[in-house]
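As a plain string of letters, each chain reads:
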Amino acid sequence: MAKKFRSKKAVERGSNAVIYVILTVISVIWLIPFVFLILQSLRGEPGATTNYFFPKQWTFDNYIRLFKNQGISASTGEVVSTGSYKFMNWYGRTLLISVCVTVIQTAIVLVTSYALSRLRFKLRKPLMNLMLILGMFPGFMSMTAMYFLLQLLGLTQDMSIVGLILVYVGSSCMGYYICKGFFDTIPKSLDEAARIDGASRQMVFFKIILPLSKPIIIYTVLTAFMAPWGEYMFASLIANGDPSYWNVAVGLRDMIQREQLTAYSDSFQRFCAAAVVVSLPITILFFLLQRYYVEGVTGGSVKG
Amino acid sequence: MKKFISLALCGALAAVGVLGIAACGEEDPGLTVWAPSAQQESLAAMVAAFKEANPEITYEIKLGVCSEGDSFSMMSNDPQSGADVYAFANDQLVNLYSIGALSPLAPSVVTSIKATDDEASVESGKLGNNYYGYPYSADNGFFLYYNKDVVSDTQAQTVEGVIKACNDAKMDFIFEGTNSWYSLSFAYGAGGTYEVKYDGTQISSLKVDLDKVPDGGKYSYGQLGGYELAWVLQQSCTKIGVDTDIDNSLNGGTFGACIRGTWVGDKIKNALGDDFGATVLPKWTGLDNEQHEWYSFAGYKLFGVNAYSKHPEDAHKLAAFLSSEAMQDKRFDDNGIGPSNKVVAAKQKVKDNLAVGAMTQQIMTASILQTPMPSKYWSEADAFGQAMLKFDLNSSAAELQDLVEQMVTAMKSVAPAQ
Amino acid sequence: MEKKQKRVVTELEYLGMSGWQKFCYRFVTFFRHLPVTFLHFFTATIPALAHRFWDAFSGIFKKLWIAMKNGDWKTRLSFVIMGFGQLARGQVMRGLVYLIFEILFILFMALFGAGQLALFGGPGYAETTEAGWVTDPVTGVDKYVPAAVGDNSLLILLYGILTMIFIIAFVYAWYSNVKAAYYAQEMKEAGQRLPSAKDDLHSFADGQYHKTLLAIPLLGLVIFTIFPIIFMVFVAFTNYDMQHMPPAHLFQWNGFANFQAVFGGSLSGGTQFGMVFGRILLWTVIWAIFATFTNYLLGMVVAIMINKKGIKLKKLWRTVLIMTVAVPQFVSLLLMSQMLGDYGIVNSLLQKWGITSGPIKFLSDGTVAKATIILVNIWIGIPYTMLMVSGILMNIPADLYESARIDGAGPFRQYFKITLPYVLHVTTPYLISNFVGNLNNFGVIYLLTGGGPTMAIVGVDGAGETDLLITWLYKLIMDKKLYGVASVISILMFLITGIISLVTYNRSASVKNEEDFM
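Per-chain numbering applies: the sequence of each chain, read as written, is numbered from 1 onward. Whichever chain is written first becomes A and whichever ligand is written first becomes 1, with later ones labelled in order. Given that the model is predicted, a residue must reach a pLDDT of at least 70 before its local features are reported, and side-chain atom pairs must reach 80 or more before they are shown or counted; all residues, however, enter totals for whole chains, interfaces and linings.

K.L.:
Explanation requested: the overall build of chain C in the structure shown.
P.N.:
Helix numbers and strand numbers start at the N terminus; a helix is a DSSP run of H or I with at least 4 residues, a strand a run of E with at least 2. Looking only at helices and strands, chain C has 19 helices and 2 strands in total. Over its C-alpha atoms chain C spans a radius of gyration of 31 Å, topping by over 25% the 24 Å that the globule rule assigns to 518 residues. If you line up chain C on its principal axes, its C-alpha atoms span 90 × 85 × 65 Å. We call two residues in contact when their backbone-placed C-beta atoms lie within 7 Å. Partitioning the contacts of chain C with sequence separation of at least 6, the portion at a separation of at least 24 is 65%. With C-alpha atoms as the basis for the radius of gyration, the globule rule is written as 2.2 Å multiplied by the number of residues raised to the power 0.38.

Take a look at the structure:
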């Protein structure tokens with residue numbers, strides 16, 4: 001009996017060891033690209049690529065040049081200004097857009113989800129189906145129409161922050177799915193009790209549902225906040241060539257275009273540095289709020 | 001609800017305000033100029049010089065980023081809000097014209113730039129009876145860079161020499177053979193003649209001379225209008241690599257030679273120092289024992305003026321200024337852009353720049369003007385390049401020939417009549 | 001004379017199944033019923049919808065007629081002056097809202113909309129002239145003659161649609177105004193008190209709260225999603241392409257020419273179009289299946305490993321994996337595509353360590369690139385599944401495992417008996433939405449390979465080996481400006497994916513509602 005018990009324990013320990021090995025391997029694979037990104041941002045040698053992993057010269061200058069809008073000229077090897085490249089400007093714009101989008105989108109998603117989850121009205125089902133399929137339409141097919149619509153309203157170029165925010169939040173009610181799923185898991189008896197006590201539907205929403213929805217609110221905030229950082233196509237269309245109206249994604253993409261890689265021998269390293277700077281706040285935010293994100297995504301996506 | 005109404009009111013007010021601002025016209029001529037992102041610093045200085053040269057008018061000039069190769073895709077989004085003056089590569093001419101984004105040059109101006117600039121560069125902006133661009137650069141092509149430590153000057157004169165030298169030293173010979181821009185040019189040097197007429201919708205006549213090869217025959221140089229060279233280069237020793245692969249090779253110390261344009265000149269020169277070599281494309285010997293030239297495409301870059309510009313005459317003035325002798329000189333100093341202006345091209349400093357020198361020589365000796373083509377011309381040649389990769393030395397030459405013929409048919413086909 | 005009978009599972013048998021068997025049964029029946037479901041969609045659902053629509057439509061006219069016939073002068077005047085009925089009966093706020101809307105509408109139409117509608121669809125557009133120079137014969141000075149910009153068929157189409165949307169909104173408001181006016185009249189006649197402005201406001205916070213909540217989201221939906229879709233549907237019937245780019249060259253209606261081009265295969269100038277379309281469609285489906293199921297299964301395995309009892313550093317493992325969620329995708333994917341290039345760092349190291357002799361063409365060989373993309377997608381996708389499944393695993397009642405252990409079930413049996421069925425049960429909707437999302441997954445392909453390498457087939461006009469329908473569509477628009485044809489294709493894609501998801505969603509939801517797990 002004792003022997004059997006021990007062998008069972010040994011099996012357990014063995015399987016745990018295997019799992020540890022697998023998890024370690026996975027973690028390494030998962031981290032390599034990010035380690036590479038950081039290493040490249042600290043590389044001192046010129047040129048876009050190397051055929052070795054670790055830099056030969058370590059330097060922090062790529063970050064400094066990134067913030068000073070400078071680059072190393074490929075022809076002379078001197079530090080020169082990169083002209084209209086203003087990384088902090090792009091960063092600020094993107095941050096502003098991101099924050100506005102987060103606030104508006106979260107509000108829209110929450111109210112839409114609440115209406116679809118709790119209120120019963122005639123067009124509820126058709127509306128849900130409609131929103132479901134509208135998302136299947138290829139987004140870039142609508143760029144032309146949106147661009148000229150924004151132009152009609154004067155929201156391109158110098159007003160492009162407003163234009164972009166409108167475009168990003170415009171259809172956000174279609175992302176109701178997970179949030180509605182979360183609301184569905186909140187027992188209806190809570191609402192009913194409050195309704196009997198004379199609360200209006202608005203009060204139910206603000207006083208009962210919202211306080212219980214911290215995970216899904218944080219989940220929505222996180223996803224809404226992250227999206228504008230990577231949006232490239234519309235941001236580049238609406239800026240119409242003027243780099244001062246770019247966002248981070250457009251700017252970063254331009255840093256690894258041929259013109260930049262040709263003119264500056266440190267363009268790729270600065271791209272990596274910029275990518276680190278962009279990813280840092282999102283990553284930190286994510287790690288801090290991870291628990292809620294998990295709760296939100298679990299609560300929401302499993303009870304559609 | 002109250003909140004909603006007040007919000008809606010605020011929104012309406014804001015909208016009115018925006019429209020009001022938009023409706024206000026500017027008094028001073030406002031112009032927008034687009035140039036590649038790496039030339040922005042230089043462009044700003046040129047624009048300042050332009051303002052200084054025209055003190056009687058206060059210009060409001062905005063700078064924008066658009067590389068010469070992207071000018072059509074940027075302009076076509078909304079030609080009416082596009083730049084007033086912008087740089088474009090001459091192969092975009094037809095498309096830019098068809099969306100009305102180009103305004104012709106004054107006849108007197110054409111006469112004067114014909115006198116100052118390389119004739120081919122001026123002609124590259126011609127469509128019908130009109131000229132649509134102010135040429136400023138004649139360096140869009142490719143030639144040979146080599147590491148003198150690996151490839152001797154004599155070896156650099158023939159393809160066989162370069163291949164052998166690189167193979168012996170186990171060094172890289174980098175060439176992007178799957179890219180149609182490079183691969184298509186082979187046929188021109190092999191006695192194959194090309195005749196391309198492009199009317200904006202399709203290639204109306206495309207003629208390729210091919211020697212007939214008996215079925216089952218083996219490949220041999222000189223028999224397939226030069227396409228076999230592309231294939232041999234792909235198969236024997238080259239890295240089918242792009243710009244970043246050249247960086248990689250330089251950083252790793254394995255750079256032997258490469259076929260590329262002027263834009264990589266600086267970094268190769270900086271990396272190789274005294275071993276830096278640049279010259280025209282090497283010749284190649286066919287099985288017919290004849291030496292053939294390896295041709296490059298010759299492309300030019302020009303400044304165009306948007307026909308929708310609100311201040312077209314000022315825009316023409318600016319475009320002429322940006323492509324003037326002094327500005328081409330400055331552009332060479334700042335960005336190493338090979339000039340189309342004859343005076344600048346003849347300067348010693350230009351000749352001393354090996355890469356630009358090699359390019360100029362290449363364009364003069366063995367090049368073919370890169371005329372505007374529909375995108376199909378390039379995409380089919382890309383497919384051809386990929387298909388060729390799958391061949392091996394035992395494939396029959398007739399197969400390759402079939403492929404060439406298929407490519408020509410596909411290039412000539414048209415989009416459905418609308 | 002034995003008739004072969006389909007095995008039918010009785011309710012009793014079904015209840016006797018284990019969770020896993022139940023799942024399998026449902027899985028099989030789901031797919032067995034799928035054709036019937038589709039058929040049902042066309043034979044029953046659509047006619048039923050049409051019928052309901054007709055009822056609603058005729059109901060509108062009936063109500064209008066009654067209001068006209070039985071209404072007093074106040075109600076009847078509401079037909080012309082919106083909000084009059086309400087104003088006359090003391091519902092000032094309601095009346096004002098209607099009235100202001102009518103005034104706004106009239107202003108809009110007079111100043112903007114009517115002009116746009118008059119031009120809508122042509123013919124009779126003013127063409128743009130070419131700019132040029134005229135040389136004065138006497139002085140020899142060149143004089144610039146600017147282009148006279150004519151009509152812009154793109155903007156006319158766009159503004160015309162906007163106007164139509166506004167007209168529809170107006171008609172709806174007008175109808176509700178008449179209805180409300182007549183209703184108020186009836187209430188007055190019955191001696192009831194009309195709802196005051198305060199009552200109205202209160203109802204917007206309670207009885208009609210959905211209208212308050214959904215007003216802005218739906219406005220956004222109409223402007224930013226429905227409006228562009230309507231626009232693209234219209235474009236499908238025009239010759240908007242490289243040769244007809246307004247304002248220089250205006251596009252016109254061309255009937256069903258684009259549909260003919262797509263179905264007749266005359267696009268791209270040859271017989272290759274059908275082949276290209278077929279190949280891309282096939283790869284799109286294969287990709288969606290692989291991308292969905294690899295992520296799902298592997299993500300679940302990883303989640304189970306991390307959440308296994310006795311495994312330490314749970315938070316660390318999870319955090320490491322989450323990096324791919326937190327770092328913007330365009331950064332990580334562009335980096336990946338660089339690392340996996342023919343002469344990128346991965347190949348360099350593999351050769352340096354002597355593992356391979358030449359470069360592995362991760363992204364530049366069609367077949368290898370397809371595998372690479374699926375692998376990279378696993379790298380991106382596993383963390384999402386892992387996070388979700390982790391949460392679900394915590395929710396599985398512990399006593400289930402306890403009783404299984406007492407019955408002597410080992411870890412594998414526990415997995416197949418409890419974990420897998422439970423997770424599958426609750427994540428079916430996620431799986432479906434993931435599948436449909438992958439059919440249209442633009443980002444991964446676009447950033448990693450851009451659809452490349454070009455198919456090694458001459459005559460396909462730039463279609464790539466790894467192109468999905470959606471990235472191919474992007475090329476048709478961006479490189480070739482084939483707006484008309486691309487609209488046709490996107491409408492087709494829209495219909496196909498839309499119907500698939502509608503049918504599967506509603507079906508899976510109904511399956512789910514029939515009975516709950518266990």
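Next comes the rest of the write-up.
K.L.:
How should the overall build of chain B be read in this particular structure?
P.N.:
Summing up its helical and strand segments, chain B has 19 helices and 17 strands in all. The exposure label follows from counting other C-beta atoms within 10 Å of a residue's C-beta, where the C-beta atoms are placed from the backbone and the thresholds are 20 or more for buried and 12 or fewer for exposed, leaving partly exposed in between. The buried share of chain B, reckoned over its 418 residues, is 55%. At a minimum sequence separation of 6, the contacts of chain B that also span at least 24 residues come to 73%.

K.L.:
What's the story with the interface of chain B and chain A in this structure? I'm lost.
P.N.:
Listed per partner, the contact involves 36 residues of chain B and 29 residues of chain A. Every element with two or more residues in the side of chain B that touches chain A is listed here: α1 (2-23), α2 (40-53), β2 (60-65), α3 (71-77), α11 (243-252) and α12 (265-272) of chain B. Among the elements that take part in the side of chain B that touches chain A, α11(B) stands out by supplying 7 residues, more than any other. In this count, Pro and Cys sit with the nonpolar residues alongside Ala, Val, Leu, Ile, Met, Phe, Trp and Tyr, while Asp, Glu, Lys and Arg are called charged and the others, Gly among them, polar. Grouping the amino acids of the side of chain B that touches chain A by side-chain chemistry returns 16 nonpolar, 13 polar and 7 charged.

K.L.:
Which parts of the structure should I look at to understand the interface of chain C and chain A?
P.N.:
Each partner contributes to the interface: chain C provides 74 residues, whereas chain A provides 67 residues. Considering each element in turn, the side of chain C that touches chain A owes the most residues, 16 residues, to helix α8 (residues 209-235) of chain C. Considered class by class, the residues forming the side of chain C that touches chain A number 54 nonpolar, 18 polar and 2 charged.

K.L.:
Mind showing me how you'd approach the nonpolar core here?
P.N.:
For soluble globular proteins, nonpolar side chains are generally found buried alongside one another. For the purposes of this analysis, a nonpolar core is taken to be any set of buried Ala, Val, Leu, Ile, Met, Phe, Trp, Tyr and Cys residues that are connected through C-beta atoms within 7 Å. Ranked by size, the top nonpolar core spans 191 residues in total, and within it Ala274(A), Ala275(A), Leu158(C), Leu448(C) and Leu473(C) carry the most contacts. The residues contacting Leu158(C), other than those within four sequence positions of it, are Ala145(A), Phe148(A), Leu149(A) and Phe231(C). Counting 96 residues, the second-largest nonpolar core is a separate cluster that includes Val85(B), Tyr131(B), Trp263(B) and Ala298(B).

K.L.:
Can you walk me through the domain arrangement of chain B in this structure?
P.N.:
It is common to report an interface's size as the accessible area lost on association of the parts. Residue and element names in this part refer to chain B. Domain delimitation follows an automatic or database domain assignment. Split by domain assignment, chain B resolves into domain 1 (27-140 + 298-369) and domain 2 (143-280 + 374-412). For the side of domain 1 that touches domain 2, the elements supplying multiple residues, two or more each, are α4 (93-98), β6 (134-140) and α17 (354-365). Looking at the side of domain 1 that touches domain 2 residue by residue, the class counts come to 8 nonpolar, 7 polar and 1 charged.

K.L.:
Sorry if this is basic, but what is going on with the environment of Arg65(A) here?
P.N.:
Residues and elements named next belong to chain A. Within the fold, Arg65 resides in helix α2 (residues 61-67). As a C-alpha pair, Arg65 and Glu78 span 13 residues in sequence and 12 Å in three-dimensional space. Arg65 has contacts with Gln70, Gly71, Val79, Asp266 and Arg270, leaving out every residue within four places of it along the chain.

K.L.:
Just checking my understanding: could you explain the environment of Val297(A) for this structure?
P.N.:
Take Val297(A): it is sitting in helix α14 (residues 267-301). Taking the C-alpha atoms as reference points, Val297(A) and Trp30(A), separated by 267 residues in sequence, lie 22 Å from one another. Discounting residues that sit within four places of it in the chain, Val297(A) has contacts with Ile178(A), Tyr219(A), Leu387(C), Met388(C) and Gly391(C).

K.L.:
Teacher, can you tell me more about the domain arrangement of chain C here?
P.N.:
You can read the domains of chain C as domain 1 (11-58), domain 2 (71-255) and domain 3 (267-511). Each of domain 2 of chain C and domain 3 of chain C has a C-alpha centre, and these two points are 42 Å apart.

K.L.:
So what exactly am I meant to see when it comes to the confidence of the model for chain C here?
P.N.:
Caution is warranted with low-pLDDT regions, since their predicted coordinates should not be read in detail. Residue and element names in this part refer to chain C. Per-residue confidence for chain C gives a mean pLDDT of 83; residues scoring 70 or more make up 91%. When pLDDT is averaged over each helix and strand of chain C, the minimum, 67, is found for helix α1 (residues 11-15) and the maximum, 92, for α8. Confidence per residue, as judged by the predictor, is encoded in pLDDT with a range of 0 to 100. Contacts of residues 1-5 to residues separated by more than four positions or lying in other chains number 0 contacts, the stretch itself having pLDDT below 50. Across residues 510-518, confidence stays below pLDDT 50; counting only partners more than four residues off in sequence or on other chains, it has 6 contacts. Interface confidence for the predicted complex, given as ipTM, is 0.88, next to a pTM of 0.86.

K.L.:
Even after reading the chapter, I still don't get helix α14 (residues 366-395) of chain C, so can you show me in this structure?
P.N.:
For the α-helix, the turn length of 3.6 residues means that residues three or four positions removed from each other point alike. Under the 1.5 Å per step criterion, the end-to-end length of α14(C) is 43 Å for 30 residues, consistent within 8% with the ideal 44 Å. A residue's bend is simply the angle between two axes: one fitted to the seven residues ending at it, one to the seven starting at it. Of all the bends in α14(C), the largest measures some 35° and sits at Gly381(C), one to four residues before the proline Pro383(C). A helix's residues, less one, multiplied by 1.5 Å, set its expected span.

K.L.:
In this structure, what is going on with unusual backbone geometry? I would like to understand it.
P.N.:
Cis peptide bonds are those with omega within 30 degrees of zero, and the linkage from Pro246(C) to Pro247(C) qualifies with 5°. Tracing the backbone shows Pro247(C) in the loop between α8 and α9 (257-264). Even without glycine at this site, Asn69(A) takes up a positive phi of about 55°. With respect to the secondary-structure elements, Asn69(A) resides in the loop between α2 and β1 (70-72). With a phi angle near 55°, Lys481(C) is a residue other than glycine that sits in the positive phi range. Of note, Lys481(C) is situated in the loop between α18 (469-478) and α19 (483-514).

K.L.:
Got a minute to help me understand the pairing of strand β3 (residues 85-89) of chain B in this structure?
P.N.:
In regular strands, side chains alternate between the two faces of the sheet. All names here are of chain B. The element β3 is extensively covered by neighbouring structure, given that 5 of its 5 residues are classed as buried. On β3, burial covers both faces: Val85, Ala87 and Ala89 on one face and Tyr86 and Phe88 on the other are all buried. A pair of strands counts as paired when DSSP detects no fewer than two bridges linking them. When strand β1 (residues 30-35) meets β3, the two strands line up parallel, connected through 2 bridges. The residue of β3 that forms the bridge with Trp34 is Tyr86. Here 5 bridges tie β3 to strand β16 (residues 296-305), and the two strands are oriented antiparallel to one another. The partner of Val85 across the bridge, within β16, is Val305.

K.L.:
How should I be thinking about the pairing of strand β1 (residues 132-135) of chain C in this particular structure?
P.N.:
All names here are of chain C. Pairing geometry for β1 and strand β2 (residues 142-145), over 4 bridges, is antiparallel. By the bridge assignment, Gly132 is partnered in β2 with Val145. Here β1 hands over to β2 after 6 residues, with Gly140 in that stretch at a positive phi of 75°.

K.L.:
Looking at this structure, I do not really get the packing of helix α15 (residues 398-406) of chain C against helix α16 (residues 411-439) of chain C. What am I missing?
P.N.:
To characterise two packed helices, one gives the angle between the axes of the helices and the distance between these axes. Residue and element names in this part refer to chain C. Packing of α15 against α16 brings their axes to within 11 Å, and their N-to-C directions diverge by 145°. Like other packed secondary-structure pairs, α15 and α16 cross with a definite hand, here right-handed. For the pair formed by α15 and α16, the contact residues are Leu400, Tyr401 and Ala404 on the first element and Gln414, Lys417 and Ile418 on the second. Among the residues making up the contact of α15 with α16, the classes are represented as 4 nonpolar, 1 polar and 1 charged. Convention adopted: a line fitted to C-alpha atoms gives each axis, helices being fitted over their contacting stretch, and angles between N-to-C directions are expressed from 0 to 180 degrees. Whether a crossing is left-handed or right-handed is set by the direction in which the near helix is turned from the far one by less than a right angle, anticlockwise for left-handed and clockwise for right-handed.

K.L.:
Would you explain the environment of Lys301(B) in this entry?
P.N.:
Residue and element names in this part refer to chain B. For Lys301, the position within the fold is in strand β16. Judged by C-beta crowding, with 28 C-beta atoms within 10 Å, Lys301 ranks as buried. Placed 210 residues apart in sequence, Lys301 and Asp91 show a C-alpha to C-alpha distance of 9.0 Å. Contact partners of Lys301, with chain neighbours within four places excluded, come to Glu68, Ala87, Ala89, Tyr136, Ser137 and Asn140.

K.L.:
I keep staring at α8(C) and nothing clicks. Help me out?
P.N.:
With 27 residues, α8(C) extends 38 Å from end C-alpha to end C-alpha; this agrees with the ideal 39 Å at 1.5 Å per step. Considering bend angle alone, the principal kink of α8(C) is centred on Ala215(C) and spans about 45°; proline Pro217(C) follows within four residues of it.

K.L.:
Before we go on, may I ask you to explain the confidence of the model for chain B in this structure?
P.N.:
Residue and element names in this part refer to chain B. On average, residues of chain B carry a pLDDT of 79, and 76% of them reach 70 or more. This stretch, residues 1-26, has a pLDDT under 50; its non-local contacts, to residues over four places away or in other chains, come to 10 contacts. Note that pLDDT drops below 50 for residues 212-224; the model gives that stretch 37 contacts with residues more than four away or on any other chain.

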